[in-house]
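Coordinate inspection notes
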Amino acid sequence: MKQHLLSNGPLLNKEGNLSEAGYAFDLVKEYDRKAIKGLSSRIKEWDYYFIRDDEYGVALTIDDNSYMGLVSVSVLDFKNKTEVTKSYMTWLTFGKTNFPSTSKTGDVFAEGKKYSMFFQNKDGKRRLVCSMKGVSKGKDFECDISLSETNGKSMVIATPFKKKKHFYYNQKINLLSARGYFKYGDMTHQLDKTSLGVLDWGRGVWTYSNTWYWSSLNANQDGHRIGFNLGYGFGDTSAASENMFFYDDEAYKLDDVIFNIPKNDKNKYDFLSNWTFKSSSGDIDLVFEPIIDRYSNTNALIIQSNQHQVFGYFSGQITINNKIIKLDHLLGFAEMVKNRW
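Keep in mind that what you see is a predicted model, and the values were worked out from it rather than measured.

Positive phi, normally seen in glycine, also occurs at Ser66, with a value near 75°. Residue Ser66 is classed as buried on the basis of its relative accessible area, which comes to 1%. Located in the positive-phi region is His329, a residue other than glycine, with phi close to 60°. When you line up the elements, His329 lands in strand E24 (residues 323-340).

Quick look at the structure:
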């Protein structure tokens, strides 16, 4: 698969289509919401953070999907194999969340009667200060987490849809070093040197119905930082995949991947049985052992989001420049999401 490396410049041309489709290791294209020519109701912008250590994980989301906004908190307990998620929706936001046009600087803030979420990004430092009441059974949540980049490279992709004026511009920043704490109910958990995170930064104009597959790994193994971003399922990815492998200070482009999700005897997906991840070239060969299925199915008339975000352990190998990197029981996640939005 020949993949196109993006050049510097505006993301969109005067017709509102991508000026280039392809990938990069940084946000080389300039996103400008005012340059969008598609329907304002189709614009979707979000920042999603996931932070984890060996015991717990925390996911924090702020979305502005134009006709609705979303604020969400998830707390995951990997030892007890449990999770809890609480989300709040607002209506007819249409960009009022004021997302920055770049991930390099700018803050995001969302506030309601029962929550306050502040994603601060200043002088190369990220700080997540959040609180939410009644996440589960009267338990409140709060956190103050600082993040810093360790790799210097990220996964960036500009993906067109077949429909004109529709696109997705996405950055995943893996291997974010995390410090701070989160509190859930009476439990306070301090993050330490083993704690890592990922940012999913998304801006685009989406079609109504689509399915995506996404997997992310951020881990330490034998003194090395190891991460990956794997995914597919929507848009025209002929110019580039979103697959990338991170090893200490380096990042390597990968080609295609398929998530093989098992099915039961009723031909239904069995998300908690072992998955496999394969590429046609053989450079990706992984087994995924699930422990938690964070499932949600939001269904409101013509709007639906059916999500299975599955957490577990990856083993196997990834081959880079004829060098085999072994992965041994490393914690990450993989998801399948179907949207009508």
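There is more to say after this.
Moving on, we get to the nonpolar core. With 47 residues, the main nonpolar core has Leu60, Phe119, Phe141, Phe167 and Tyr169 as its most contacted residues. A total of seven residues in this core trace back to one element, the largest contributor, which is strand E13 (residues 167-184). Apart from the residues within four sequence positions on either side, Leu60 is in contact with Asp47, Tyr48, Tyr49, Ser72, Val73, Met117, Phe119, Leu128, Cys130, Phe141 and Cys143. One finds Leu230, Leu254, Phe271 and Ile325 within the second-largest nonpolar core, a separate group that totals 28 residues.

Attention shifts here to a nonpolar patch on the surface. The grouping of Met89, Trp91, Leu92 and Phe94 at the surface amounts to a nonpolar patch, some 430 Å² of accessible area in total. You can see Trp91 is positioned in strand E7 (residues 82-91).

We now examine the packing of aromatic side chains. By the definition in use, this model includes 39 aromatic pairs. We note Lys44 situated over the ring of Trp341; from NZ or CZ to the ring centre the distance is 4.5 Å.

Pairing is antiparallel across the open sheet formed by nine strands, whose spatial order is E19-E18-E17-E16-E24-E23-E22-E21-E20. Edge positions in the sheet fall to strand E19 (250-253) and strand E20 (258-260), since each of these pairs with one other strand and no more. Averaged over all pairs of adjacent strands, the angle between their axes in this sheet comes to 20°, without regard to strand direction. One ladder, built from nine bridges, connects strand E16 (residues 209-221) with strand E17 (residues 224-232); its direction is antiparallel. The residue of E17 that forms the bridge with Leu217 is Phe228.

Scoring rules and cut-offs
For every chain, the first residue of its written sequence is number 1, and the numbers climb from 1 along that sequence. Local features in this predicted model are restricted to residues of pLDDT 70 or higher, and side-chain atom pairs are both shown and tallied only at a pLDDT of 80 or more, whereas totals for entire chains, interfaces and linings draw on every residue. For the side-chain quantities, the full set of heavy atoms in the structure was used; hydrogens and water were omitted. Classification of residues uses two cut-offs on accessible area relative to the type maximum, computed with a 1.4 Å probe and protein chains only: under 20% is buried, over 50% is exposed, and between them is partly exposed. Counting from the N terminus, the helices are the DSSP runs of H or I reaching at least four residues and the strands are the DSSP runs of E reaching at least two. The term nonpolar core refers to a set of buried residues drawn from Ala, Val, Leu, Ile, Met, Phe, Trp, Tyr and Cys, joined through side-chain atoms within 4.5 Å. Should any heavy atoms of two residues lie within 4.5 Å, those residues are considered in contact. Each patch is built from residues lacking any salt bridge and having more than 30% relative accessible area; the joining distance is 9 Å for like charges and 5 Å for nonpolar side chains (Val, Leu, Ile, Met, Phe, Trp, Tyr). Computed by Shrake-Rupley with a 1.4 Å probe, the accessible areas treat only the displayed protein chains as cover when residues are assessed. By convention in these notes, a salt bridge is any Lys or Arg side-chain nitrogen within 4 Å of a carboxyl oxygen on Asp or Glu. Whether two aromatic rings pair depends on their centres lying within 6.5 Å, for rings of Phe, Tyr and Trp, where Trp uses its six-membered ring; planes under 30 degrees apart make the pair stacked, over 60 edge-to-face, and the rest tilted. We count a charge as sitting over a ring when the NZ of a lysine or the CZ of an arginine lies within 6 Å of the ring centre and within 35 degrees of the ring normal. For two strands to pair, DSSP has to find at least two bridges joining them. The axes used here are C-alpha line fits, helices contributing only the stretch in contact, and every angle between their N-to-C directions lies in the interval 0 to 180 degrees.

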